[in-house]
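# Reading the structure
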Amino acid sequence: MEKKELLRVEHLKKYFHTPAGSLHAVDDVTFTVKTGETLGVVGESGCGKSTLGRVILRLHEPTAGRVFFEGYNILQYNKEQIKRLRRHMQIIFQDPFASLNPRMTVSETISEALVIQKLYSSRDQKGLRKRSLELMEMVGLAERLVNTYPHELDGGRRQRIGIARVLALNPKLIVCDEPVSALDVSLQAQILNLMQDLQDELGFTYLFITHDLSVVKHLSDDILVMYLGQMVEKAPTARLFENPLHPYTRALLSAIPVPDPDFDINRTILKGELTSPIEPAPGCRFAKRCPQARESCLGADIPFREIEDKHFVACGEI
Ligand SMILES: Nc1ncnc2c1ncn2[C@@H]1O[C@H](COP(=O)(O)OP(=O)(O)O)[C@@H](O)[C@H]1O
Ligand SMILES: [Mg+2]
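Computed from a predicted model, the values in this text were never measured in an experiment.

## Quick notes on the overall build of the protein chain
Secondary structure assignment for the protein chain yields eleven helices and twelve strands. Taken against the 2.2 N^0.38 rule, which gives 20 Å for 318 residues, the C-alpha radius of gyration of the protein chain at 20 Å falls within 12% of a compact globule. Principal axes of the C-alpha set define a box for the protein chain whose edges measure 70 × 50 × 40 Å. Per-residue burial over the protein chain gives 50% buried out of 318 residues. Sequence separation of at least 24 residues holds for 64% of the intrachain contacts in the protein chain that already meet a minimum separation of 6. As displayed, the protein chain offers around 15,600 Å² of accessible surface, 50% of which is attributable to carbon and sulfur atoms. Treating the 40 positive side-chain charges of the protein chain as one cloud and the 41 negative ones as another, the clouds have centres 5 Å apart.

What follows is the structure, encoded as structure tokens:
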């Protein structure tokens, strides 16, 4: 059966006003994600991934474009409608510690989400406890941890609480913003496996944001590569790894997976000046760092073209 489209993003732009001019954080991004599938969004730090996720969740107002969720243009929603939408669109952050209340135990944290979204009454302590334990089991947190506080747990367990809190709402779309980037490699694999299992079981749709291509390789159906706010390449995951077309994608692929989230891929594999996202000139924003760049890459924007079935690239050389 053909899967249904859950999310459609059309010509989305988010420009920030800065003293130096307009900063093009997200610049004309278009894609769709089907129910139960995962779109990986990759690119270096600063390329606009988090901003993209935030605009889709309406945590930022976009400058232009449209976002359809289950066919409805949610950019037209009022505050009340957005509040209701929140339950269906959730976000998991890189550092759950920052979003967890240090004075709340595991079960209190999960219960709070259930109460805020009015799935349970705060008076229903028995029901809340039962559901919290169920959710803890689903994310692989042992029952004995029910009364522990975030600082008593390692990063992997903290991220499991973050996931449990999101699961509590049974959302349709989960934006995952670097959810494993703060974890060491063995914990990364455990959390990625958990997320995959939960998707298989519950049919979530993920927008999975990461600077590390190796993280989304096994999880994503499709991958979108961004560079300074723009889409440079999009393809089904296997295609992208077999036949990367954009010189920037190739550079990302040639990078050895680095477990340290603070590691700057930039300086290790790519040379040349980083174009500024403030008032960018027309043409390919990667051109200054691109080994294949020609004069024609600058001056006019490069169209994002379908080169083979479902494989899109914006490169003047191809
Ligand atoms: N609130 C903001 N005000 C101004 N500039 C911002 C703001 N948020 C992000 N930016 C800028 O937008 C660009 C994209 O940032 P971000 O979406 O965080 O990228 P990523 O998540 O890929 O690292 C960066 O140049 C960043 O400095
Ligand atoms: Mg980010």
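## Brief notes about the site of ligand 1
Around ligand 1 lies a shell formed by Phe16, Leu23, Ala25, Glu44, Ser45, Gly46, Cys47, Gly48, Lys49, Ser50, Thr51 and Pro277. Here cysteine 47 contributes a backbone N or O atom positioned 3.2 Å from an oxygen atom of ligand 1. Protein contact buries 63% of the 560 Å² of open area that ligand 1 shows by itself. Only β2 (21-34) and α1 (49-56) provide two or more residues apiece to the shell around ligand 1. Ranked by residue count, the leading element in the shell around ligand 1 is α1, at three residues. The residue inventory of the shell around ligand 1, partitioned by class, reads five nonpolar, five polar and two charged.

## Comments concerning the packing of aromatic side chains
The full count for this structure, using the stated rule, is five aromatic pairs. Ring plane angle 65° and centroid distance 5.2 Å describe the contact between tyrosine 248 and phenylalanine 286, whose orientation is recorded as edge-to-face. In this pair, tyrosine 248 sits in helix α10 (residues 247-254) while phenylalanine 286 sits in the loop between α11 (265-269) and β11 (305-308), placing the two residues 38 residues apart along the sequence. Note on phenylalanine 286: relative accessible area 1%, which makes it buried. Among the aromatic residues, ring-to-ring pairing joins Tyr227, Tyr248 and Phe286 into one connected group.

## A closer look at the packing of helix α4 (residues 106-116) against helix α5 (residues 125-138)
Where α4 contacts α5, the axes come no closer than 9 Å and their chain directions differ by 110°. The angle between α4 and α5 falls in the class roughly perpendicular. Contact with α4, carried on its side by Val106, Ser107, Ile110, Ser111, Leu114 and Val115, involves Leu128, Arg131, Ser132, Leu135 and Met136 of α5 and no other residues of that element. Broken down by class, the residue content of the contact of α4 with α5 amounts to seven nonpolar, three polar and one charged.

## Details of helix α7 (residues 185-202)
Residue pairs spaced three or four apart in an α-helix point in one direction, given the helix's 3.6 residues per turn. With 18 residues, α7 should cover 26 Å at 1.5 Å per step; its first-to-last C-alpha distance of 26 Å lies within 8% of that length. For α7, the set of buried residues is Leu187, Gln188, Ile191, Leu192, Leu194, Met195, Leu198 and Gln199. Angular distribution of buried residues about the axis of α7 spans 155°; they occupy a single face of the element. Facing away from the buried side of α7 by more than 90 degrees, the exposed set consists of Asp200 and Glu201. Directly beyond the C-terminal end of α7, a positive phi value near 75° is found at glycine 203.

## A few points about unusual backbone geometry
For histidine 11, which is not a glycine, the phi torsion comes out positive at approximately 45°. Summarising the element assignment, histidine 11 is placed in strand β1 (residues 5-18). Despite not being glycine, glutamate 70 shows a phi value in the positive range, around 50°. Mapped onto the elements, glutamate 70 comes out in the loop between β4 (64-69) and β5 (72-73). When its relative accessible area of 39% is taken as the criterion, glutamate 70 is described as partly exposed.

## Overview of the pattern of salt bridges
Counted by the stated rule, this structure contains 14 salt bridges. As a salt-bridge pair, arginine 66 and glutamate 10 come within 2.9 Å of each other at their nearest N and O atoms. Here glutamate 10 lies in strand β1 and arginine 66 lies in strand β4, a separation of 56 residues in the sequence. Accessibility expressed as a relative area gives 17% for glutamate 10, which makes it buried. Each of Glu5, Arg8, Glu10 and Arg66 takes part in one network of salt bridges that share partners.

Rules of the game
Throughout this document, residue positions are counted from 1 along each chain, in the order its sequence is written. Each chain gets a letter, beginning with A, and each ligand a number, beginning with 1, in the order they are written. Since the coordinates come from a predicted model, pLDDT governs what is reported: local features require at least 70, and pairs of side-chain atoms require 80 or more to be given and counted, while whole-chain, interface and lining totals use all residues. Neither water nor hydrogens contribute to the side-chain values; these are computed over all heavy atoms in the structure. Helical segments are the DSSP runs of H or I of at least four residues, strand segments are the runs of E of at least two, and each set is numbered from the N terminus. Only the C-alpha atoms count toward the radius of gyration. The rule for a globule is 2.2 Å times the residue count to the power 0.38. Exposed residues in this analysis have more than 50% of their type's maximum accessible area, buried residues have under 20%, and partly exposed residues fall in between, with area computed by a 1.4 Å probe over protein chains only. Contacts are assigned to residue pairs with any non-hydrogen atoms lying within 4.5 Å of each other. For the accessible areas, the method is Shrake-Rupley and the probe is 1.4 Å, while residue cover comes only from the protein chains on display. Positive charges come from Lys and Arg alone, negative charges from Asp and Glu alone, with His and the N- and C-terminal ends not counted. Where a charge lies is defined by one atom per residue type, namely NZ (Lys), CZ (Arg), CG (Asp) and CD (Glu). Whether a residue is near a molecule or strand is decided by its heavy atoms; if any one of them lies within 4 Å of it, the residue is near. Nitrogen and oxygen atoms within 3.5 Å of one another constitute a polar contact, given that in protein one can donate a hydrogen and the other can accept it, and given that sequence-neighbouring residues count only through two side-chain atoms. In this count, Pro and Cys sit with the nonpolar residues alongside Ala, Val, Leu, Ile, Met, Phe, Trp and Tyr, while Asp, Glu, Lys and Arg are called charged and the others, Gly among them, polar. Put simply, two rings from Phe, Tyr or Trp (the six-membered ring, in Trp's case) pair if the centres are within 6.5 Å, and we call them stacked under 30 degrees between planes, edge-to-face over 60, tilted for the rest. Orientation is described by lines fitted to C-alpha atoms, with helices fitted over the stretch in contact, and by angles between N-to-C directions that extend from 0 to 180 degrees. Roughly parallel here means an angle under 35 degrees, roughly antiparallel means over 145, roughly perpendicular means 65 to 115, and every remaining angle is called oblique. Expected span of a helix, by definition, is 1.5 Å for each gap between consecutive residues, and there is one gap fewer than residues. As used here, the arc belongs to the directions running from the helix axis to the C-beta atoms. For this analysis, a salt bridge means a side-chain nitrogen from Lys or Arg found within 4 Å of a carboxyl oxygen belonging to Asp or Glu.

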